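Descriptive analysis of the structure
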Amino acid sequence: MSRSTGHARTLRRLYLTLFLRGRSSRGLNLGRAPRSIASKLGINLLVYGLVGLTVLGGAGPELFPFALRLHTVALLFVCLFIVGSTGELLFNREESEILLHRPVEPAELLRAKVRVMVEVCLWLALSFNLAGLAVGSLGPGGRLAFLPAHLLSTALMAVFCCSVVVLLYQLCLRWLGRERVDNVMTGLQMLLILLVIVGAQVAPRMLEQGPRFTSVGPDSPLLLAFPPAWFAGLDAVLTGNFEAGALTLAGFAAAATLLVPWLALGRLAGTYQEGLQDGIESTTATHDRPRDGIRRLMRMPGLSWLLREPGRAAGFRLCAAYLARDRDTKLRFYPSIAPMLVIPVILLATTFSSEASELGLSFAAAYLATVPPLANNLLRFTQDWEASDTFRTTPMAGPGPLVHGARLAVSVLVVAPITLLMVVATLAMPATRGSLALLLPGILCLPLFSAAGGLMGPAIPLFRATEEARSASRGIWYFLMMMGAMILSGVGVAAWKFGIFAPFLVLETLTVAIGHRLLCRRIDALEWPAAE
Amino acid sequence: MRRSPASASSNCAGSGFRDFRSRPRGAPARNRTVISVRQLTKRFGPQTAVDSLSFDIAPGQVVGLLGPNGAGKSTTLRMLTGMLRPTAGTAEIYGHDLLTDPMGVKRSVGFVPDSGAVYSSLTGLEFLETIAAIYGIDAGAAGERIRQFLGFFDLGSDVLTTKLLGAYSKGMKRKIVITAALLHNPPVVFFDEPLDGLDANAAVGFKTLIQTLAREGKAIIYSSHILDVVERVCDRIMIIDQGRLKVDGPPAELVARHGARSLEHLFTGLTGGEDLERKAEEFARTFRA
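Residues numbered from 1 in each chain as written. Chains lettered and ligands numbered in written order. Predicted model: local features only at pLDDT ≥ 70, side-chain atom pairs only at ≥ 80, totals over all residues.

What chain B contains, in helices and strands, is eleven helices and ten strands. Burial statistics for chain B: of 289 residues in total, 48% are counted as buried. Long-range pairs, those at least 24 residues apart, make up 72% of the contacts in chain B between residues at least 6 apart in sequence. (Helix = DSSP H or I, 4+ residues; strand = E, 2+ residues; numbered from the N terminus. Buried ≥ 20, exposed ≤ 12 C-beta atoms within 10 Å, placed from the backbone. Contact = placed C-beta atoms within 7 Å.)

A few words now on the pairing of strand S6 (residues 109-112) of chain B. Side chains on a regular strand alternate between the two faces of the sheet. All names here are of chain B. Because side chains alternate across S6, one face comprises the buried residues Val 109 and Phe 111, and the other comprises Gly 110 and Val 112, equally buried. By the bridge criterion, four bridges tie S6 to strand S7 (residues 188-192) in an arrangement that is parallel. Directly across from Gly 110, in S7, lies its bridge partner Val 189. (Pairing = 2+ DSSP bridges.)

Let us now look at helix H6 (residues 146-176) of chain A. With 31 residues, H6(A) ought to run about 45 Å at 1.5 Å a step, and its terminal C-alpha atoms sit 43 Å apart, in line with that. A:Gly177 lies just past H6(A) and shows a positive phi near 90°. (Expected span 1.5 Å × (residues − 1).)

Looking now at the nonpolar core. One finds A:Val78, A:Cys121, A:Cys161, A:Cys162, B:Ile93, B:Ile220 and B:Tyr222 to be the most contacted residues of the largest nonpolar core, which totals 215 residues. Both domains that furnish three or more residues to this core are identified here as domain 1 (43-283) and domain 2 (300-524) of chain A. Residues contacting A:Cys121, with those up to four places away along its chain left out, are A:Val78, A:Ile82, A:Ala158, A:Cys161 and A:Cys162. (Core = buried A, V, L, I, M, F, W, Y, C linked by C-beta atoms within 7 Å. Domains from an automatic or database assignment.)

Turning next to the confidence of the model for chain B. All names here are of chain B. For chain B, mean pLDDT is 83; residues scoring 70 or higher make up 88% of the total. Of the regions scoring below 50 in pLDDT, residues 1-26 engages in 34 contacts with residues more than four places distant in sequence or in other chains. At the level of chain-chain contacts, confidence expressed as ipTM amounts to 0.72, with global pTM at 0.72. (pLDDT = per-residue confidence, 0-100.)

Moving on to the sheet that holds S7(B). Residue and element names in this part refer to chain B. One open sheet holds the six strands; their spatial order is S6-S7-S8-S3-S9-S10, and the pairing between them is mixed. Of all the strands in the sheet, just S6 and strand S10 (244-249) have a single pairing partner and so form its edges. Between one strand and the next, the sheet's axes are offset by a mean angle of 15°, whatever the strand orientation. Against the sheet, helix H10 (residues 263-270) contacts strand S3 (62-66), strand S9 (236-241) and S10, and its axis sits at roughly 25° relative to S9. (Axes fitted to C-alpha atoms, helices over the stretch in contact; angles between N-to-C directions.)

Residue and element names in this part refer to chain B. Among the structural elements, Glu 92 can be located in strand S4 (residues 88-93). We classify Glu 92 as buried; it has 21 C-beta atoms within 10 Å. Glu 92 sits 165 residues away from Arg 257 along the chain, and the two C-alpha atoms are 30 Å apart. Setting aside residues no more than four positions away along its own chain, Glu 92 makes contact with Ser 36, Asp 97 and Leu 98.

Residue and element names in this part refer to chain B. Strands sit in the order S2-S1-S4-S5 across an open sheet of four strands; the sheet is antiparallel. Edge positions in the sheet fall to strand S2 (47-57) and strand S5 (96-97), since each of these pairs with one other strand and no more. Here S4 pairs with S5 via two bridges, running antiparallel. Within S5, the position partnered with Ile 93 by the bridge is His 96. Relative to the sheet, helix H1 (residues 73-80) contacts strand S1 (35-44), S2 and S4, its axis offset from that of S2 by approximately 60°.

A word on the packing of helix H8 (residues 227-238) of chain A against helix H9 (residues 244-267) of chain A. Residue and element names in this part refer to chain A. Contact geometry of H8 with H9 gives a least axis separation of 7 Å together with a crossing angle of 120°. Along this stretch, H8 crosses H9, giving a crossing that reads as left-handed. The segment H8 lies against H9, with Ala 229, Trp 230, Phe 231, Ala 232, Gly 233, Leu 234, Ala 236 and Val 237 engaging Ala 246, Leu 247, Leu 249, Ala 250, Phe 252, Ala 253 and Ala 256. Grouping the constituent residues of the contact of H8 with H9 by class yields 14 nonpolar, one polar and no charged. (Left-handed = near helix turned anticlockwise from the far one by under 90°. Nonpolar A, V, L, I, M, F, W, Y, C, P; charged D, E, K, R; others polar.)

Residue and element names in this part refer to chain A. Its place among the elements puts Arg 407 in helix H18 (residues 400-428). A C-alpha to C-alpha distance of 8.8 Å links Arg 407 and Gly 453, two positions 46 residues apart in sequence. Dropping the residues within four chain positions of it, Arg 407 is found in contact with Pro 372, Asn 376, Ser 450 and Gly 454.

This part covers the packing of helix H3 (residues 124-134) of chain B against helix H6 (residues 170-182) of chain B. The axes of two packed helices give the description: the angle between them and the distance between them. All names here are of chain B. Between H3 and H6, the least distance of the axes is 9 Å, while the angle of their chain directions is 20°. It follows that H3 is roughly parallel to H6 by the angle criterion. At the point where H3 passes H6, the crossing takes the right-handed sense. Residues Gly 124, Phe 127, Leu 128 and Ile 131 of H3 form the contact with H6, whose own contacting residues are Ile 176, Thr 179 and Ala 180. Broken down by class, the residue content of the contact of H3 with H6 amounts to five nonpolar, two polar and no charged. (Parallel < 35°, antiparallel > 145°, perpendicular 65-115°, else oblique.)

A few words on the pairing of S4(B). Residue and element names in this part refer to chain B. Sheet topology note: the S1/S4 ladder contains five bridges and is antiparallel. Its bridge partner lying in S4, Ser 36 is registered against Glu 92. Where S4 folds back on S5, the antiparallel hairpin that results is connected by two residues, among which Tyr 94 adopts a positive phi of roughly 55°.

Another point: unusual backbone geometry. Residues and elements named next belong to chain B. Here Ser 52, not a glycine, exhibits a phi torsion of approximately 50°, which is positive. Here Ser 52 is to be found in strand S2. Under the C-beta neighbour-count criterion, Ser 52 is labelled partly exposed, with 14 such atoms within 10 Å. Phi at Asp 154 takes a positive value of approximately 55°, unusual for a residue other than glycine. By the C-beta count within 10 Å, which is 11 here, Asp 154 ends up exposed.

Right under this line is the structure:
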């Protein structure tokens, strides 16, 4: 066996283990980590297979729209998976210290990583398409040729999807340099996640004025800008549809699957090597840029008053710093809340009738209220959890002030900008402009939801190891909060329709004020959890 | 005396080292240099981390690399392992040029970085097997070497297979990293703060291991802040400050040559650490006020 073959096999096994065992297993006993790679993969495949069943609802007899729908949803899920998990795989900071002084070429590392990504993508895409494959080849109106055709197009789609993500990272690496890529990594991930979700929601509506593809044909010129359509075109051609539109789309699929990997793995492979070495340089080089943004923020009128208590100020400073600077926190935090942020936007963007827009608007704002509890919960976990002893040894009676500081940090740095964006988006859309006030029920209840979230856990910032970031009870909390948000938005719209919106707001404000006061008292009375 | 030729054949903990006595073709003879550094320089923007460093190291030598924080010790080692590109200058390690044959250099070097970085999601055994496979060591030989190292470091095999590295203590991780650096039996070994996190017994054992490795003919660079350990373990010391080599020679000779009371005295004198008593007094005074 040649050295490079041996390396390829070793690295594949290494990255597959790291990829599937994941960040959440850090620090666990092996017994508490996923029992084996196969079991974790099996669960993932099962989930994807079940999600794949949902795509079949309302499937028509036409093969192209059916294939288009399958590829759209498969690409959405595979992209979300790959975008959320590859940043760490490609740019693991510690990897340079572990492998770069050993006899292995950076290009070998990149090839092994991409191979693992493609493999996992392929498994996920195939399990997702399993039901679709059966229906498309054996169901009513189906063709047997659809089976090999769709298998091939799905494989190409997985290669394309992984290569696009790698190419984007490589381009950022080349244009921005390694240090900046590390800084913008989470922003890039969020942007990609938003792009994928919005694209998958908006494109079908642009093509058909509805959420599902049912009658669109391969000749629509808009489809050329929609990658899933390329692979659906390949399905059409391979099953005997030689229309010009289908041939063009299939040509795009083939060209993209050749070109993008060539660029990512061939032309830009050297960039990856430089990126790994620059990663060490950026940890070695010193920064002469003063980092006083947080201090200036804390001095702002209003906020400085809220942070007058030293414990709160410490909690705010700590969380703001980790939200802005800590790579590990950013990689976990922002991709986790990205879907929460995009759903309100989609709700706004997809309301066409006036009635739907009122409910959508109200629910979008109320839904936003579920962000603070989620965000505060995510902020409980860090790799630096042992540093929390610093606070335990100070004369603070309990962690309450830290929790309040963390709530404020999330409100100022995450919730406020999104709320502002939502107000601007509401004003910008003619269908929602007149109903701006319907955002108020959701915005008013933000402090209450935030305080309720402060008790979950309890949400003491940066106190728990990252590997503990899994809790069944958390899911129940979110479900209850989501239900609360839905009820609130429904009641708000009803009050709007019956002309009692102003009294409703007064009542809500009073309820929130009382509830917030009570919850804050409970947070103030929190005791330090046992150190073990 | 730290080493005696009579004990040169004694077993070292990982006796996998013994097979290294059959010197590879093209490898330098025992009386020649295995590390030859010429005008090695590294700049990060306007800051010069390592400034025109030149030295030679012979097989069997243990060289202590001393310097205050930010002096350029880790940067030097990272360049010599091929992790960082030098801005200028070059080095030849075990007959391989750093710039033209970095893979040859990497095959000849074992490196324990100060970060002690490991893949936290792997078990200790998975990690060591991966590293062994990268060096092309077959599974049987790797298993035997791993077993020997574990015996040396008193690590139970159950720990190695049941716990992920993220759950290891700092000292246990360090033992794994040291094992990973020595698995392929390299002729040149770089240690960057290797005792960080090791308990007293492991530290004593490790110092013995270094001396045994040197007797086996390995060239060792030992970078540390702990002066008395360096003084005891190394037969030659290089002190660098602000990237520049200040002094180079046997510890006793250096102390005598500079008229210093001790190595500590020499170190503080060369690296601007004088007047510490006055500074401590000023520090304490701020509290009194």
